[in-house]
Amino acid sequence: MVPHAAQNAETSEGRFPWRSDNAFQLLKEGTEFFPDVLQHIETAIHSVRIELYLVESGRNATRFINALCDAAARSVRVELLFDAVGSQHLCAEDRARLERGGVALRIFNKLFPNPGLDDFKRDHRKIIVVDERLAYIGGACITDGFWDPVENRSQWHDLMLRVTGPVVSDIVALFDFRWRRFEGGAVHPEPDCRARFIPDTREGWAKLSYTSGSTHRGLIVDVVRRLEAARERAWLVTPYFLPVKAVFDALRGAASRGVDVQLFLPGAKTDHVSIREAGRGAYGASLELGVTIYELDSKRLHAKATVIDDWVSVGSCNFDVWGANRNLEANIQVYDGECLDQFLQLFATYRTTFRQVTAPDWQSRSTIERVEQSALYFAGRTIGSLLVRRPVR
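Small disclaimer: the values here were computed from a predicted structure and weren't measured. (Residues numbered from 1 in each chain as written. Predicted model: local features only at pLDDT ≥ 70, side-chain atom pairs only at ≥ 80, totals over all residues. Heavy atoms only, no water.)

1. Considering the sheet that holds strand β6 (residues 134–138)
Here is step 1 of the chain: What the seven strands build is an open sheet, ordered β1-β8-β6-β5-β2-β3-β4; its pairing is mixed. Whereas interior strands pair on both sides, the edge strands pair on one side only; in this sheet they are β1 (23–28) and β4 (104–108). Mean inter-strand twist for the sheet, computed between neighbouring axes without regard to direction, equals 15 degrees.
Here is step 2 of the chain: Bridge analysis of strand β3 (residues 77–83) against β4 gives five bridges, and the strand direction is parallel. (Pairing = 2+ DSSP bridges. Helix = DSSP H or I, 4+ residues; strand = E, 2+ residues; numbered from the N terminus. Axes fitted to C-alpha atoms, helices over the stretch in contact; angles between N-to-C directions.)

2. Points about helix α6 (residues 218–229)
Here is step 1 of the chain: Relative to the 16 Å expected for 12 residues at 1.5 Å per residue, α6 spans 16 Å between its end C-alpha atoms, a close match to the ideal helical length.
Here is step 2 of the chain: Burial runs high along α6: nine of the 12 residues are buried.
Here is step 3 of the chain: Residues of α6 that are buried: G218, L219, I220, V221, D222, V223, V224, R226 and L227. (Expected span 1.5 Å × (residues − 1). Buried < 20%, exposed > 50% of the residue type's maximum accessible area, 1.4 Å probe, protein only.)

3. Details of unusual backbone geometry
Here is step 1 of the chain: Unlike most non-glycine residues, S75 shows phi in positive territory, near 75 degrees.
Here is step 2 of the chain: Relative to the elements of secondary structure, S75 occurs in the loop between α3 (59–73) and β3.
Here is step 3 of the chain: Exposure remark for S75: the relative accessible area of 67% places this residue in the exposed category.
Here is step 4 of the chain: Even without a glycine there, the phi angle at D309 is positive, about 55 degrees.
Here is step 5 of the chain: When you line up the elements, D309 lands in the loop between β14 (305–308) and β15 (311–315).
Here is step 6 of the chain: By relative accessible area, D309 is classed as buried at 13%.

In structure tokens form, the structure reads like this:
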């Protein structure tokens, strides 16, 4: 049963309703996720939809292109929506192969048609839907770093959630809206959300939440309100810890109330050193409030998931200024006992594979590190304030 505190927190501005009778499977690492999704693409009957940020030519992309072209040859409708920046290293020959194979490819927000802040708006979602019955949502990207199919290894740690059930129709609706925007005149999906989410003894509750730049930020509002209502735990894994003020204040507020706040963040292996160091500028204040901080040193971290009491959220959003104000993001929210157990086990594993950052260790930093982290934190906050069009509330 969904706890009473969660019911009180259910005041989101999100457009999609809670839906029951769904099933979930957490997939960890590219070695789990990619073979699973390719298997389903290879047996697709009528449609494959893929919306991704980062796609690069290589052995991983070749496996996908082969599978997608084979599906199109079976008269499966294949639609790909890639971000212009994230797909810039998908070579011309691979794009031509997709076109020759009957695959429809559209590119989101090509750079510099009208130079300005809108060039920073990127499609950061990671969504794959097969036959409108099975969906994957999370953080994985199609590059050899995320999965090398020849060596069957991954240099990144990431998460994807495989979902079946009624909520898949909402994921399809979100994709189709963005797809039709290229044709003009698309109407945003507006399902009937008047029915309130009423907890009962059933499992399998899920809700699609998303951001679409400055026009809709229900995903961010959801996590803030969950944090404000948290009673027991608030655990978050994210690769880029420089959250918008509303999220950071809610995390610190939860910790000050005695909620078990744990952050699982990148270690020395990171693709954005400056963002990591800027985020580390907030470690001191967080540790003083009793927040527990872990860092992953063995791999690059790209997972994005949150557990607040019995509520789970996993998807593409990092809760930073880009996710809150510029990017298209998508997460799936879940109330389900089996799914929760999967994530509780995941975080238990994290505590044995991540390195804990203790207060004494943090105080032993060099003066140069202190100055650099403080400066980057200040710069990140300043830049973020310039990009924010309205507060997240």
